[in-house]
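Geometric and topological summary
Read off the chains here:
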Amino acid sequence: MEEREIHLRDYLRTIYKRRYTVYTFFIIVFAVVVIGTFSTTPVYKATTQVLIEKVEPSSLSMMYPYYFSYDPAFYETQYQLIKSASVAQKVVEMLDLGKTYGSYFPEEREAFSHLDEAAKGTKLASMVSGNISANPIKDSKIVSISYMSESPEFAALVANSVAKAYISEILDMKMSSTRYALEWMSKKAEEEKSKLEKSERALQEYMRVNDIVTLQDKIAITPEKLSEFNTQLIQAQTKRKELESLYQKIINNPVADAETIPAISSDPTIASLRSEVLNAEQSIEELGKKFGQKHPAMIRAREDLKTLKEKREQQIRRVIQSIKNEYELARAKEESLRAALSSSKNEALSLNEKFIQYGVLMREVETNRQLYDALIKRIKEESVTEEIQTVNVWVIEKAQIPRSPVKPRKSLNILLGIIVGLFGGVGLTFFFDYLDNTIKSPDDVETRLGLAVLGMVPLLPQKDGNIEELLLHDPRVRFSEHYKNLRTALLLSSASKPPQNMLVTSMGPEEGK
């Protein structure tokens, strides 16, 4: 069976066939819309427009202004703040709605009569907050603040009050933040002041105990003093080593041989005595040639020589003692210089430790002073800039009392009712037709069964009597034509000859077989 092409007239035929379904659905929908529209309490919408501009925080210490990047969350934050419960609460307090709300809505006065002031204010604030809307105007910093109410006067009053409450809320937030910052910084400044005074007292006490007034002078001369002691110690070590070497030679040789040591032989007295001894020996030798050994002149000459030698030996011993004394002095001086150098080093280390601790205390004082000064400066800046807002808001257009409601929109609702009723009815018609699989016309037989229709006999009304009698008594009646057409179709259903046998059947009884 070939699928038949569907034309527009088929759709129109279906709509016409089920036109009463369309009428019924349309009338029901339209009636519901009209009744709902005209029975709904009108709602009015009042709108005020405000200009919201972000102001970046400034500091008196800033040398040059600078600009911040766009903050997309800023305006969304302001919208949420406008619709917040705190702003709504301010509106309730500003308008004293706890007492005046009943004058705008007398029918709701009983609903609030059993509540106390706090509960009434909370409920009113929640109601006000739920009906506030904030919408930005595209490509601008202007925001529309709207309020919807059944009373046009109340809608305008609340819309204007919301703008004022929003501005008041911003100021309160700024003042609260500034007060908190000032309180915190003042408390912190007192703590830093106490730390500064404590560190200054510690520094003064340390300077007094350690005589820091002359500390820097001592530190300045200590390197020179150490250098001088070190030079003197080197010189003393050199001299001590020379005297020690000379002294070792002297004590390791007999006194008689000590005269051979240059340091002793160069002594003027010893040199003079040595010359006298030589002269005395020469004199004895000459006298020995003239006189005998026992001659008084010889005896006296030998006595004089002995006396000179004794004097020379005594002088040598004195020089040796002098060298020993000088060596002892040199060694003592070396030890003294070594002790002085060690003492100076210890003193330098002690001075450095004191100076380091002094520097620590000084830095602590400077750090505490800088922190304290910075806090005092910041407190003064906050005091001066306390009135500066982070957000500037200007009301550029106050809300006027609306003349016409925004809900319900009668013309639009009626138009929508017509459209929904009409198209809904048509859609319902096609839906019913899709679910209906019964045969109601010859076209349905040909379409659904793929069989040719021989003819169609209309249903005889019950009041017209029997069909056979009607056809026999009045062959010209219109029913006769349908039977004649059926007879002709049966005779012509076969191409060669009329059919000899026929079967008449139906789906149920009393269907005209």
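A few points on the structure. Residue indices follow the written sequence of each chain, beginning from 1 at its first position. Under the rules for a predicted model, residues below a pLDDT of 70 receive no local features and side-chain atom pairs below 80 are neither given nor counted, while totals for whole chains, interfaces and linings still include all residues. As a rule here, side-chain values cover all heavy atoms of the structure and leave hydrogens and water aside.

**Remarks on the environment of L416**
Structurally, L416 is set in helix α14 (residues 410-435). A sequence separation of 383 residues divides L416 from V33, and the C-alpha atoms of the two residues are 8.5 Å apart. Strands here are runs of E lasting at least two residues and helices are runs of H or I lasting at least four, both read from the DSSP assignment and numbered beginning at the N terminus.

**Section: the pattern of salt bridges**
The salt bridge definition used is simple: a Lys or Arg side-chain nitrogen within 4 Å of an Asp or Glu carboxyl oxygen. For the structure shown, the criterion picks out nine salt bridges. The closest approach of N and O atoms between D433 and K17, which form a salt bridge, is 3.3 Å. Highlighted residues: D433 in helix α14 and K17 in helix α1 (residues 8-17), separated in sequence by 416 residues. For every residue, the accessible area obtained with a 1.4 Å probe (protein chains only) is divided by the maximum for its type, and the residue is called buried under 20%, exposed over 50%, and partly exposed between those limits. Judged by its relative accessible area of 43%, K17 is partly exposed. Between R369 and E366 there is a salt bridge; the shortest N-O distance is 3.1 Å. Of this pair, R369 and E366 both sit in helix α13 (residues 296-384), separated by three residues, roughly a single helical turn. Here R369 falls in the partly exposed class, since its relative accessible area comes to 28%. Salt bridges sharing partners connect three or more residues here, namely K17, R18 and D433.

**A look at helix α7 (residues 117-130)**
When the terminal C-alpha atoms of α7 are compared, their 20 Å separation across 14 residues agrees well with the 20 Å that a helix rising 1.5 Å per residue should span. Considered for burial, the residues of α7 that qualify are K120, G121, L124, A125, V128 and S129. End-on, the buried residues of α7 take up no more than an arc of 160°, which puts them together on one face. The exposed residues of α7 that point more than 90 degrees off its buried face are T122, S126 and G130. Given a helix with a known number of residues, its expected span is that number minus one, times 1.5 Å. In this context, the arc is that of the directions from the helix axis out to the C-beta atoms.

**Details of the nonpolar core**
What makes a nonpolar core is a set of buried Ala, Val, Leu, Ile, Met, Phe, Trp, Tyr and Cys residues whose side-chain atoms join them at distances within 4.5 Å. Among the nonpolar cores identified, the biggest contains 36 residues, and I52, I82, L97, V128, Y147, V158 and V162 are the most heavily contacted of them. Elements with a minimum of two residues in this core: β1 (44-54), α3 (72-82), α4 (85-95), α5 (97-104), α7, β2 (132-136), β3 (142-149) and α8 (152-209). Per-element tally for this core: the top contributor is α8, with 10 residues. In contact with I82, other than residues within four places in its own chain, are I52, V87, I132, A134, V143, I145, V162 and Y166. Among the nonpolar cores identified, the runner-up in size contains 12 residues, and M185, L203, Y358 and Y372 belong to it. Contacts between residues were defined by any pair of non-hydrogen atoms, one from each residue, lying within 4.5 Å.

**Some points on the packing of α4 against α7**
Helix-helix packing is described using two parameters, namely the angle between the two axes and the distance between the axes. α7 packs onto α4 with a crossing angle of 115° between their chain directions and a minimal axis gap of 8 Å. In terms of crossing hand, the pair formed by α4 and α7 is right-handed. Every residue of α7 that contacts α4 at A85, A88, Q89, V91 and V92 is listed here: G121, T122, L124, A125, V128 and S129. Of the residues assigned to the contact of α4 with α7, the class counts are seven nonpolar, four polar and no charged. Think of each axis as a best-fit line through the C-alpha atoms, taken over the contacting stretch in the case of a helix, with angles from 0 to 180 degrees between the N-to-C directions. Whether a crossing is left-handed or right-handed is set by the direction in which the near helix is turned from the far one by less than a right angle, anticlockwise for left-handed and clockwise for right-handed. Residue polarity is assigned by list, with Asp, Glu, Lys and Arg as charged and Ala, Val, Leu, Ile, Met, Phe, Trp, Tyr, Cys and Pro as nonpolar; anything else, Gly included, falls into the polar class.

Without other data, these values stay purely geometric and don't point to any function.
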